Amino acid sequence: MESKNQFMQRAIDLSQKNMDSGAGGPFGAVIVRQGRIVGEGWNKVTSTNDPTAHAEVTAIRDACKNLGTFELTDCEIYTSCEPCPMCLSSIYWARIKKIYYGNTKDDAAAIDFDDDFIYKEIALEPESRSIPREPLMRDQALKVFKNWKAKADKVRY
């Protein structure tokens, strides 16, 4: 069984290797279940033109594929940097039980990866946020929600 430091070192190694290869920014992550790595990820934002391809998200996708599940309730994540708001949300949605991280969000801000503006936006009332919002066709959209509620064979998540 590997140690916490070995799992974190693997996340750090992935961050360096894939930054050097041009895959994306300096971020890596591994998902661990019962002392074994079940998923790995690294930042692929610029190489895949996908702004959601952060290390934690790609590691979650890999672990879920490898385990055949959309819930990682018995897993931990080791990430080379404290998760951004999107990654943190993804970790919660995956129901990962613990987060280990290397660099802090302040360390990331010091190299121009500053997520503080997103944290500040989330705390604002919706009408005060920088991206305008407008409700549209709620009645039609609610029909689908009602159908979901009545669906007998739905998979809850």
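Here, every reference points to the structure presented above.
Figured I'd write up the structure that's included with this text.

Cut-off values and rules
- Residues numbered from 1 in each chain as written.
- Predicted model: local features only at pLDDT ≥ 70, side-chain atom pairs only at ≥ 80, totals over all residues.
- Heavy atoms only, no water.
- Helix = DSSP H or I, 4+ residues; strand = E, 2+ residues; numbered from the N terminus.
- Buried < 20%, exposed > 50% of the residue type's maximum accessible area, 1.4 Å probe, protein only.
- Contact = heavy atoms within 4.5 Å.
- Axes fitted to C-alpha atoms, helices over the stretch in contact; angles between N-to-C directions.
- Parallel < 35°, antiparallel > 145°, perpendicular 65-115°, else oblique.
- Left-handed = near helix turned anticlockwise from the far one by under 90°.
- Nonpolar A, V, L, I, M, F, W, Y, C, P; charged D, E, K, R; others polar.
- Salt bridge = Lys/Arg side-chain N within 4 Å of Asp/Glu carboxyl O.
- Pairing = 2+ DSSP bridges.
- Lys, Arg positive; Asp, Glu negative; His and termini not counted.
- Phe/Tyr/Trp six-rings, centres within 6.5 Å; stacked < 30°, edge-to-face > 60°.

**A few points about the overall build of the protein chain**
Alright, step 1. Secondary structure summary: the protein chain contains seven helices and four strands in total.
Alright, step 2. Along the protein chain, helices (α) and strands (β) appear in the sequence α-β-β-α-α-β-α-β-α-α-α when read from the amino end.
Alright, step 3. Oriented by its inertia axes, the alpha-carbon framework of the protein chain measures out at about 50 × 40 × 25 Å.
Alright, step 4. A buried classification covers 30% of the 157 residues belonging to the protein chain.
Alright, step 5. Restricting the contact set of the protein chain to residue pairs at least 6 apart, pairs at least 24 apart contribute 50%.

**Focus on the packing of helix α3 (residues 55–67) against helix α4 (residues 85–94)**
Alright, step 1. Taken N-terminus to C-terminus, the directions of α3 and α4 make an angle of 25 degrees; their axes are 8 Å apart at the nearest point. As far as their axial angle goes, α4 and α3 are roughly parallel. Relative to α4, the crossing made by α3 is left-handed. Residues Glu56, Val57 and Ile60 of α3 pack against Met86, Cys87, Ser90, Ile91 and Ala94 of α4.
Alright, step 2. Residue classes in the contact of α3 with α4 are distributed as six nonpolar, one polar and one charged.

**Points about the pattern of salt bridges**
Alright, step 1. As enumerated under the stated definition, the model contains six salt bridges in all.
Alright, step 2. Asp50 is the salt-bridge partner of Arg61, the closest N and O atoms lying 3.8 Å from each other. Of this pair, Arg61 sits in helix α3 while Asp50 sits in the loop between α2 (45–48) and α3, placing them eleven residues apart in sequence.
Alright, step 3. The class of Arg61 is partly exposed, set by a relative accessible area of 43%.
Alright, step 4. Between Arg95 and Glu71 there is a salt bridge, with its nearest N and O atoms 3.9 Å apart.

**Digging into the pairing of strand β2 (residues 36–42)**
Alright, step 1. Pairing geometry for strand β1 (residues 28–33) and β2, over six bridges, is antiparallel. Residue pairing for β2: Arg33 is matched across the bridge by Arg36.
Alright, step 2. Between β1 and β2, which follow one another and run antiparallel, lie two residues, and Gln34 among them has a positive phi close to 50 degrees.

**Structural notes on the side chain of Glu121**
Alright, step 1. Assignment of secondary structure puts Glu121 in helix α6 (residues 116–123).
Alright, step 2. No salt bridge is formed by the buried Glu121; the nearest opposite charge belongs to Arg129, separated by 5.3 Å.
Alright, step 3. For Glu121, the residues in contact, after removing those within four places along its chain, are Arg129, Ser130 and Ile131.

**Observations concerning the packing of aromatic side chains**
Alright, step 1. By the definition in use, this model includes four aromatic pairs.
Alright, step 2. With 5.2 Å between their ring centres and 50 degrees between their planes, Phe7 and Tyr78 make a pair best called tilted. Here Tyr78 lies in strand β3 (residues 75–81) and Phe7 lies in helix α1 (residues 4–20), a separation of 71 residues in the sequence.
Alright, step 3. Owing to a relative accessible area of 2%, Tyr78 belongs among the buried residues under this scheme.
Alright, step 4. Plain terms: the ring middles of Phe70 and Tyr157 are 6.1 Å apart, the flat faces sit at 75 degrees to each other, and that makes the pair edge-to-face. Taken together, the residues span a long stretch of sequence, with Phe70 in the loop between α3 and β3 and Tyr157 in the segment after α7 (138–150) at a distance of 87 residues.
Alright, step 5. Accessibility expressed as a relative area gives 41% for Phe70, which makes it partly exposed.

Geometric values such as these leave the question of function open.
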